[in-house]
Amino acid sequence: MNTVIIKYNSGNIQSVQFALQRIGVNAVVTDDMEKIKSADKVIFPGVGEASSAMNFLKERKLNELIISLQQPVLGICLGMQLLCKHSEENDTDCLGIFETVMVKKFDPTEANLKIPQIGWNNIHHLQSPLFNLIPADSYCYFVHSYYAEKSQHTIATTEYGVTYSAAIQKNNFYGVQFHPEKSAVVGEQLLKNFLAI
Amino acid sequence: MLTKRIIPCLDIKDGRTVKGTNFIELRDAGDPVELAMRYCEEGADELVFLDITATTEKRKTLANLVREIATHINIPFTVGGGINTVEDVSILLENGADKISINTSAVKKPGLINELAKNFGSQCIVVAIDTKKIDSNWKVVTHGGRNATSLLTVDWAKEITQRGAGEILLTSMENDGTKAGFAIDITKDVSKSVAVPVIASGGAGNMKHFAEIFQQANADAALAASIFHFKEIAIPDLKRYLSSQQIPVRV
């Protein structure tokens, strides 16, 4: 099986590659259109800022490529947010695969809500093969200031001030807000599940 | 529910852990990767590696070590010690560090925080504050507590947050090494004054101290070194205890 990680101006790409190595998968990190197109599985990771990431993708026409992909695609953190319609982070129009899903900022006026959310939070209402063998309410590692609102595409939820999408899915596109590559054995299971789809 | 984090800290010199450990079953107690993996298995939520090497070869040694850690461990980790430039940070992140921590260099050149946040995002910029009570005011100290500054700790905490720090690692030099408990008052003041998470450090001696810093000071995470290295507290026991005190932890 041929797994690629999309290379762009974002952090934590290396971490995803290392995590895949730990479960015995050698993934290629690339921005080569043909390699991405012909891959069996595509991972679209990301830590960073939405508008600069979108600009980078557009400059390289990776935006058009990503929305045309037919094989299973997994967006992680910012990668997941970029699959949505729009992000409040610098008022950015995103890729729009989840054409109704908006990415919002956690409410800074809410008492005791530290932003960014950093740490382990549990995921609920797991409804996808992505969560095979993962017990309900498992802990995953999150680092983010923006979140995808709940929608018909939600396949797992988390609470932090609001209940929001910990994971989303539409057709061949999957997205997780947390970092499976940093979520210990739960994250490793999720990556295995994605590769088995 | 977001849980409180337990963070073991490993001091690194020339690629090895220093101060030693009491993990007698480890093949090599000085191997940071082996120790890190052990902590992962025990349920540590994150790890911090502080590099205290002072040689010119430092950058290369550290980058290799970071890569080695990132290859083997499946939880987030922060690397700190002698980071002065965007390039220093870039090398560490490229090799797999999740976050970096700056301390003295931020006090000397506060603009560095802005620069790093702009280049890499606030989520990976931890600013460490060493603090000490001087004439009844908590002030920022640098160089491992040897140099006092005129900065008030709470003011500095607010400033670094405005400049883009994503997290604060607050170490009380008063409490560090005493095993008499964390500095509750200043941790509480800092936590109240900023919107970013605060990691409390310095003074952990028993499990009750951890409960206190979470319940009384609203710390988001607690960091300790020797009590974990010397097995005075085992992480699974600590988490069970905190859980029994209604403190949300990942178990």
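Residues numbered from 1 in each chain as written. Chains lettered and ligands numbered in written order. Predicted model: local features only at pLDDT ≥ 70, side-chain atom pairs only at ≥ 80, totals over all residues. Heavy atoms only, no water.

## Quick word on the overall build of chain B
When helices and strands are tallied, chain B shows 10 helices and 11 strands. Its C-alpha radius of gyration of 17 Å places chain B within 12% of the 18 Å reference for a compact globule of 251 residues. Seen along its three principal axes, the alpha-carbon backbone of chain B occupies a region of about 45 × 45 × 35 Å. Going through the 251 residues of chain B one by one, you find that 59% of them count as buried. (Helix = DSSP H or I, 4+ residues; strand = E, 2+ residues; numbered from the N terminus. Rg over C-alpha atoms; globule rule 2.2 N^0.38 Å. Buried < 20%, exposed > 50% of the residue type's maximum accessible area, 1.4 Å probe, protein only.)

## Observations concerning the layout of surface pockets
Residues and elements named next belong to chain B. What the second largest pocket holds in volume is close to 1000 Å³. Asp11, Leu50, Asn103, Asp130 and Asp176 are the residues nearest the centre of the second largest pocket, which is lined by 41 residues in total. If you list the elements that add at least two residues to the lining of the second largest pocket, you get β1 (5–13), β3 (47–51), β5 (99–102), α4 (104–108), β6 (125–134), β9 (167–172), β11 (221–224) and α9 (226–229). The biggest single contributor to the lining of the second largest pocket is α4, with three residues. (1 Å grid on protein atoms, 1.4 Å probe; cavity = no way out; pocket = protein on both sides within 12 Å on 5 of 7 lines; lining within 4 Å. Points joined across faces, edges and corners; volume = space filled by probe spheres on them.)

## Comments concerning the sheet that holds strand β2 (residues 28–30) of chain A
Residues and elements named next belong to chain A. Read across the sheet, seven strands follow the order β2-β1-β3-β4-β13-β12-β11 without closing on themselves; strand pairing throughout is mixed. In the strand order of this sheet, the two ends are held by β2 and β11 (154–160), each with one partner. Between one strand and the next, the sheet's axes are offset by a mean angle of 25 degrees, whatever the strand orientation. On the sheet, helix α1 (residues 13–22) packs against β1 (3–6), β2, β3 (41–44) and β4 (73–76) and is oriented at approximately 165 degrees with respect to β1. (Pairing = 2+ DSSP bridges. Axes fitted to C-alpha atoms, helices over the stretch in contact; angles between N-to-C directions. Contact = heavy atoms within 4.5 Å.)

## What to know about the interface of chain B and chain A
If you look at the interface, chain B gives 34 residues, while chain A gives 27 residues. For the chain B and chain A pair, buried surface summed over both sides reaches about 2400 Å², with 53% attributable to carbon and sulfur atoms. Considering only the surface of chain B that becomes buried against chain A, B:Leu2, B:Asn74 and B:Gln123 emerge as the three largest contributors, covering 27% of it. Taken together, the links from chain B to chain A amount to two salt bridges. A salt bridge links A:Lys182 to B:Asp98, with the shortest nitrogen-to-oxygen separation between them at 2.9 Å. Inspection of the chain B/chain A interface yields 17 residue pairs in polar contact (both at pLDDT 80 or more). In terms of residue count, the dominant contributor to the side of chain B that touches chain A is helix α2 (residues 58–72) of chain B (four residues). Class assignment of the residues belonging to the side of chain B that touches chain A gives a composition of 14 nonpolar, 10 polar and 10 charged. (Buried area = accessible area lost by both parts, 1.4 Å probe. Salt bridge = Lys/Arg side-chain N within 4 Å of Asp/Glu carboxyl O. Polar contact = N/O pair within 3.5 Å; in protein donor to acceptor, adjacent residues only side chain to side chain. Nonpolar A, V, L, I, M, F, W, Y, C, P; charged D, E, K, R; others polar.)

## So, the packing of helix α1 (residues 32–42) of chain B against α2(B)
A pair of packed helices is captured by two measures, namely the crossing angle of their axes and the spacing between those axes. Residue and element names in this part refer to chain B. Contact geometry for α1 and α2: axes closest at 10 Å, N-to-C directions at 30 degrees. By the angle class used here, α1 and α2 are roughly parallel. Here α1 runs over α2; the crossing is right-handed. Contact residues: Pro32, Val33 and Met37 in α1; Leu65, Glu68, Ile69 and His72 in α2. Its residues placed into classes, the contact of α1 with α2 shows five nonpolar, one polar and one charged. (Parallel < 35°, antiparallel > 145°, perpendicular 65-115°, else oblique. Left-handed = near helix turned anticlockwise from the far one by under 90°.)

## Describing empty space enclosed by the protein
All names here are of chain B. For the structure shown, the criterion picks out one cavity of 30 Å³ or more. Its volume calculated, the largest cavity comes out at about 30 Å³. The wall of the largest cavity is formed by Gly15, Asp51, Thr53, Lys58, Thr61 and Leu62. Per-element accounting of the lining of the largest cavity gives the leading share, three residues, to α2.

## So, the nonpolar core
Counting 78 residues, the largest nonpolar core has B:Leu47, B:Phe77, B:Phe210 and B:Phe228 as its most contacted members. Counting 69 residues, the second largest nonpolar core, distinct from the first, contains A:Val25, A:Met54, A:Cys84 and A:Phe131. (Core = buried A, V, L, I, M, F, W, Y, C linked by side-chain atoms within 4.5 Å.)

## Let's talk about the packing of helix α6 (residues 153–163) of chain B against helix α7 (residues 184–193) of chain B
Residue and element names in this part refer to chain B. One can describe the packing of α6 onto α7 by two numbers: an axis separation of 9 Å at closest approach and a directional angle of 35 degrees. Seen from above, α6 lies across α7 with right-handed handedness. Counted together, Thr153, Val154, Ala157 and Lys158 of α6 and Ile186, Asp189, Val190 and Ser193 of α7 form the full contact between these two elements. Among the residues forming the contact of α6 with α7, the class breakdown is four nonpolar, two polar and two charged.

## Examining the sheet that holds strand β7 (residues 98–105) of chain A
All names here are of chain A. Ordered by their spatial adjacency, four strands build an open sheet running β6-β5-β7-β10, and the pairing between neighbours is mixed. Here the strands that pair on one side only, and so sit at the sheet edges, are β6 (92–93) and β10 (146–148). The pairing of β7 with β10 spans three bridges and is antiparallel. Considered in β10, the bridge of Lys104 is made with Tyr147.

## Quick notes on the environment of B:Val154
All names here are of chain B. With respect to the secondary-structure elements, Val154 resides in helix α6. Each C-alpha atom of the pair Val154 and Lys231 lies 33 Å from the other, and the pair is 77 residues apart in sequence. Leaving out residues up to four positions away in the same chain, Val154 has contacts with Ile186, Asp189, Val190 and Ser193.

## Structural notes on the environment of B:Ala44
Residues and elements named next belong to chain B. Tracing the chain through its elements places Ala44 in the loop between α1 and β3. In sequence terms Ala44 and Asn137 are 93 residues apart; their C-alpha atoms lie 33 Å from each other. Excluding its chain neighbours within four sequence positions, the residues that come into contact with Ala44 are Ile6, Pro8, Tyr39, Ile75, Ile235 and Arg250.

## Some words on the packing of aromatic side chains
Scanning the model with the defined rule gives 13 aromatic pairs over all chains in all. Relative to A:Phe44, the ring of A:Tyr8 lies with its centre 5.2 Å away and its plane at 35 degrees, an arrangement referred to as tilted. Of the two residues, A:Tyr8 is situated in the loop between β1 and α1 and A:Phe44 in strand β3; the sequence distance between them amounts to 36 residues. Here the two residues A:Tyr8 and A:Phe44 agree in accessibility, since each one is buried. Relative to B:Phe77, the ring of B:Phe49 lies with its centre 5.7 Å away and its plane at 90 degrees, an arrangement referred to as edge-to-face. Of this pair, B:Phe49 sits in strand β3 while B:Phe77 sits in strand β4 (residues 77–80), and the two are 28 residues apart along the sequence. Look at B:Phe49 and you get buried, because its relative accessible area is 3%. Members of the aromatic cluster, each reached through a chain of ring pairs, are A:Phe106, A:Phe142, A:Tyr147, A:Tyr160, A:Tyr164 and A:Phe178. The lysine or arginine in question, A:Arg60, covers the ring of A:Phe56, its NZ or CZ lying 3.6 Å from the ring centre. Above the plane of the ring of A:Trp120 lies B:Arg250, whose end atom (NZ or CZ) is 3.6 Å from the centre. (Phe/Tyr/Trp six-rings, centres within 6.5 Å; stacked < 30°, edge-to-face > 60°. Lys NZ or Arg CZ within 6 Å of the ring centre and 35° of its normal.)

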